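# A structural walkthrough
Each chain is listed here by its residues.
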Amino acid sequence: MDVAKSISEGLARKVLAANINGEVWDASRPINDDASLKLLTWDDTEAKSTFWHSTAHLMAEAVESMFPGVKFWVGPAIDKGFYYDMDLGDRQMSEDDLAALEKKMAELAKQNNVYQRKAISKADAVQYFAEKGDEYKLDLLQNLNDGEITLYTQGGFTDLCRGPHIPNTGFIKAVKLTNVAGAYWKGDEKNKQLTRVYGVSFPAQKELDEYLAMLEEAKKRDHRKLGKELSIFTMDDDVGQGLPLWMPNGTIIIEELERLAKETESAAGYKRVVTPHIAKESMYLTSGHLPYYADSMFPPMELDGTKYYLKAMNCPHHHKIFDAEQKSYKDLPYRIAEYGTCYRYEQSGELFGLMRVRCLHMNDAHIYCSKEQFADEFRAVNDMYIKYFKIFGIDKYVMRLSLHDPAKLGQKYVNEPELWKETESMVRNVLIESNIPYVEVQDEAAFYGPKIDVQIWSAIGREFTLATNQVDFNSGNKFKLSYTNQHNAPEVPLIIHRAPLGTHERFIGFLLEHYAGKFPVWVAPLQVKILPISDKFMDYANTILQTLKKSDIRVEIDDRQEKIGRKIRDTEMLKVPYMLVVGEKEMNEGKVSIRRQGKGDLGSKALDEFVNEIVSEIKERRGEETAVASS
Ligand SMILES: [Zn+2]
Ligand SMILES: [Zn+2]
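Quick notes on the rules
Each chain has its residues counted from 1, following the order in which its sequence is written. For naming, the first written chain is A and the first written ligand is 1, with later ones following in the order written. Confidence filtering applies because this is a predicted model: local features only for residues at pLDDT of at least 70, side-chain atom pairs given and counted only at 80 or more, and all residues used for totals across whole chains, interfaces and linings. In computing side-chain values, all of the structure's heavy atoms are included and hydrogens and water are not. Secondary structure elements are taken from DSSP: a helix is a run of H or I of four residues or more, a strand is a run of E of two residues or more, and numbering for both begins at the N terminus. In this scheme, a residue with accessible area under 20% of its type's maximum is buried, one over 50% is exposed, and one in between is partly exposed, where area comes from a 1.4 Å probe on protein chains only. Contacts: residue pairs with any heavy atoms within 4.5 Å of one another. Note that accessible areas follow from Shrake-Rupley with a 1.4 Å probe, and for residues the cover is restricted to the protein chains shown. Lys and Arg are tallied as positive, Asp and Glu as negative. Neither His nor the chain termini are counted. Charge coordinates come from a single atom per side chain, which is NZ of Lys, CZ of Arg, CG of Asp or CD of Glu. Coordination here is defined by N, O and S atoms within 2.8 Å of the metal (3.2 Å for Na, K and Ca), and since water is not considered, a site can look incomplete. Sites are called tetrahedral only when four donors show all angles between 85 and 135 degrees, square planar or octahedral only when four or six donors show opposite pairs over 155 degrees and all other angles between 65 and 115, and irregular in any remaining case. The criterion for strand pairing is that DSSP finds at least two bridges linking the strands in question. Only the stretch in contact is used when fitting a helix axis, every axis being a line fitted to C-alpha atoms; angles between N-to-C directions are given from 0 to 180 degrees. Here the arc refers to the set of directions running from the helix axis out to each C-beta atom. Angular relationships are summarised with four words: roughly parallel below 35 degrees, roughly antiparallel beyond 145, roughly perpendicular across 65 to 115, and oblique for the angles in between. All residues other than Ala, Val, Leu, Ile, Met, Phe, Trp, Tyr, Cys, Pro, Asp, Glu, Lys and Arg, Gly among them, are scored as polar; the first ten of these are nonpolar and the last four charged. What counts as a salt bridge is simple: a side-chain nitrogen of Lys or Arg found within 4 Å of a carboxyl oxygen of Asp or Glu.

In terms of helices and strands, the protein carries 20 helices and 31 strands. By principal-axis analysis of the C-alpha atoms, the protein measures approximately 90 × 75 × 60 Å. In the protein, buried positions account for 50% of the 631 residues. Long-range contacts, defined here as pairs at least 24 residues apart, represent 69% of the contacts in the protein between residues at least 6 apart. Here the protein displays about 30500 Å² of accessible surface, and carbon together with sulfur accounts for 48% of that area. The positive charge centre, built from 82 side chains, and the negative charge centre, built from 96, are 3 Å apart in the protein.

With distances of 1.9 to 2.1 Å, the protein atoms coordinating the zinc ion (ligand 1) are His-53 (NE2), His-57 (NE2), Cys-161 (SG) and His-165 (NE2). Of note is the zinc ion (ligand 1), whose four donor atoms meet at the metal with angles of 91 to 126 degrees in an arrangement that counts as tetrahedral. Here the donor residues for the zinc ion (ligand 1) map to a single chain with the spacing H-x3-H-x103-C-x3-H. Here Cys-161 lies in the loop between strand 9 (157-160) and strand 10 (174-184) and His-53 lies in helix 3 (residues 45-66), a separation of 108 residues in the sequence. You can call Cys-161 buried: its relative accessible area is 13%.

The next thing to look at is the sheet that holds strand 1 (residues 17-20). Spatial strand order, 2-1-3: three strands in an open sheet with antiparallel pairing. On the outer flanks of this sheet lie strand 2 (23-25) and strand 3 (37-40), each paired with one strand and no other. When the angles between neighbouring strand axes are averaged without regard to direction, this sheet yields 30 degrees.

For the α-helix, the turn length of 3.6 residues means that residues three or four positions removed from each other point alike. Of the residues making up helix 17 (residues 564-573), those classed as buried are Lys-567, Ile-568 and Thr-571. Buried residues of helix 17, viewed axially, fall in a sector of 100 degrees; they line one side. Opposite the buried face of helix 17, by more than 90 degrees, sit the exposed residues Arg-569 and Met-573. Following helix 17 by one or two positions, Lys-575 has its phi on the positive side, about 55 degrees.

This paragraph deals with the pairing of strand 1. A two-sided burial pattern is seen for strand 1, the buried positions comprising Ala-17 and Asn-19 on one face and Ala-18 and Ile-20 on the other. Pairing geometry for strand 1 and strand 2, over three bridges, is antiparallel. Bridge pairing links Ala-18 to Trp-25 in strand 2. Linking strand 1 back to strand 2 in an antiparallel pair, the connection comprises two residues, with Asn-21 at a positive phi of about 45 degrees.

With that settled, consider the packing of helix 9 (residues 248-267) against helix 15 (residues 504-515). Relative orientation of the contacting elements helix 9 and helix 15 amounts to 105 degrees, with a least axis distance of 11 Å. Relative to helix 15, helix 9 is oriented roughly perpendicular. Seen from helix 9, the contacting residues are Ile-253, Ile-254, Leu-257 and Glu-258; seen from helix 15, they are His-504, Phe-507, Ile-508 and Leu-511. Per-class residue counts for the contact of helix 9 with helix 15 are six nonpolar, one polar and one charged.

Along the chain, Thr-264 turns up in helix 9. On the basis of relative accessibility, which here comes to 7%, the residue Thr-264 falls in the buried class. Those residues in contact with Thr-264 that sit more than four places away from it in its chain are Met-384, Lys-387 and Tyr-388.

Spatially, the five strands line up as an open sheet ordered 28-27-29-30-31, and their pairing is mixed. Across the chains shown, the open sheet's two edge strands, defined by having one partner strand only, are strand 28 (555-557) and strand 31 (600-606). Adjacent strand axes in the sheet meet at a mean angle of 25 degrees when their direction is disregarded. Pairing of strand 27 (residues 528-532) with strand 29 (residues 578-582), which is carried by five bridges, proceeds in the parallel orientation. For Ile-530, the partnering residue across the bridge sits in strand 29 and is Leu-580. Here helix 16 (residues 538-550) sits on the sheet and contacts strand 27, strand 28, strand 29 and strand 30 (591-596); the angle it forms with strand 28, its principal contact strand, is near 170 degrees. On top of the sheet, helix 17 reaches strand 27, strand 29 and strand 30; it is set at about 170 degrees to strand 27, its chief contact.

Taken as a whole, this structure holds 44 salt bridges when the rule is applied. With a shortest N-O distance of 2.9 Å, Asp-376 and Arg-379 are connected by a salt bridge. Of this pair, Asp-376 and Arg-379 both sit in helix 12 (residues 371-391), separated by three residues, roughly a single helical turn. Given the relative accessible area of 25%, Arg-379 is considered partly exposed. For Glu-584, the salt bridge identified is with Lys-536, shortest N-O distance 3.7 Å. Highlighted residues: Glu-584 in helix 18 (residues 584-589) and Lys-536 in the loop between strand 27 and helix 16, separated in sequence by 48 residues. Residue Glu-584 is classed as partly exposed on the basis of its relative accessible area, which comes to 41%. Each of Asp-558, Arg-560, Glu-562, Arg-566 and Asp-570 takes part in salt bridges that share partners, so that together they form one network.

Rendered as structure tokens:
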């Protein structure tokens with residue numbers, strides 16, 4: 001905090017915590033040795049979790065004042081907000097209590113109470129919580145060592161906590177307690193059920209308002225709700241949990257996405273392959289999926305004494321294709337792509353609409369290249385992401401680059417110190433040169449190389465993890481892949497795993513929310529609906545239908561005996577991009593009256609003029625406007 005103040009008072013007012021040598025600390029904690037320092041403000045993820053966790057303490061203080069004698073278990077920050085697990089004895093907390101708690105929290109926050117850190121010996125801590133009769137904190141203390149135990153006090157509330165926290169409660173300007181739920185102690189259903197209160201907080205009321213509005217909008221755009229209304233996909237108990245069935249409308253979207261991927265990949269020099277959905281146990285032992293990944297795979301089926309597994313990844317199959325023929329440096333980079341079907345065993349509690357499923361179709365490809373080719377290949381993969389982001393109107397994205405920890409080479413990470421350094425710096429340079437927003441995370445790489453998670457935000461500002469790109473300098477060795485280099489010596493290729501469009505399941509789930517179901521014309525299941533004002537104009541409507549079909553436009557006629565107003569309303573509900581209203585005037589002049597989803601009446605045009613326009617809109621895959629136009 002002193003450093004922040006020495007820079008400016010304005011900065012000091014915004015500092016929530018500090019990153020010291022990679023660890024998050026209270027901003028007020030003394031720094032006794034030279035250290036690398038980053039001041040953390042609300043924009044930093046680490047600051048947000050510190051803020052939310054500190055709000056959990058504030059909530060605990062409010063709960064204690066309303067429910068004296070309450071005992072607390074743990075109160076961590078989560079993805080968006082925080083929770084605290086508590087034992088209320090024989091009392092109950094209902095949704096109605098939350099408003100009163102929020103009020104109490106606002107009152108306590110205004111007191112600007114400092115989060116005071118105090119190191120304490122284990123004996124003293126045990127004595128303190130034993131006197132309080134708090135068996136939960138005593139349980140936590142069992143696993144802590146002397147010298148690493150701290151208490152934090154703010155206002156009238158003291159908690160066993162390792163921190164860090166924000167400077168004082170005054171930073172918390174807006175709180176929403178969202179939910180009360182039951183949670184078994186330590187997640188074990190044999191244990192007592194505790195009360196878990198969830199909440200979220202912000203440094204300004206405006207941000208909370210925006211967040212709540214976003215949640216409201218997200219509810220309307222829920223991909224499970226829209227998926228049903230628009231007949232995109234369905235689930236059936238007889239088929240099984242987490243196994244979506246793609247209906248005709250969803251299948252059109254899938255085919256359009258695959259067409260886009262095939263065109264793009266073909267232009268970028270990829271070749272397509274097709275591989276079986278199962279493979280023998282031995283291959284997954286080679287790849288290392290077995291035994292380590294066995295829990296995430298479906299159990300094997302046995303045939304003639306051999307075990308076969310449903311594939312959870314396409315990689316090993318692709319490695320076998322690389323290996324099928326002798327390769328020389330002239331064959332590299334060797335890029336093979338497949339919309340591969342994978343099966344993963346997700347716990348039934350983890351399944352969620354299209355977002356977490358047991359069968360997925362992945363926009364997969366593997367690039368086998370030399371070290372010299374790596375940077376260019378990686379750059380080309382990034383360019384492909386950016387191209388897709390433009391097409392889908394994804395304006396906000398971040399690449400999260402996970403790096404290795406040199407201290408863990410040979411254990412957590414494959415022991416190739418030079419390759420790690422080289423590839424990490426190549427990846428970083430490409431990200432910088434391409435002007436791609438990215439963050440670096442230490443010690444989260446994959447075993448076999450640096451990893452890039454791609455995070456995108458939907459039109460309403462919700463975050464999705466789209467896909468992971470990985471650099472792999474281990475599988476080549478495991479599968480004994482090699483090519484002959486310029487000096488006629490065998491060399492192991494580097495491998496890039498990439499899937500810019502993720503899986504159909506997750507990506508279409510994302511698109512449903514992003515577009516609120518109002519797909520751009522090129523990907524919309526039904527592109528045009530013709531609405532004759534009455535039966536008299538059915539012949540003309542049919543002429544239009546035939547003309548549009550000749551240009552491969554997905555079109556239908558609404559031939560019901562309904563008033564035109566009703567026909568328009570129903571078509572709007574189905575979010576069809578174009579409606580063509582035809583009556584006497586249109587028929588006589590060879591025209592169509594055009595209504596555009598989200599824009600209303602566009603006036604009338606000659607039929608061939610409309611056809612030319614829609615064909616180019618589809619060909620160019622235009623659609624940014626619709627992404628922004630929302631409910
Ligand atoms: Zn804490
Ligand atoms: Zn792969």
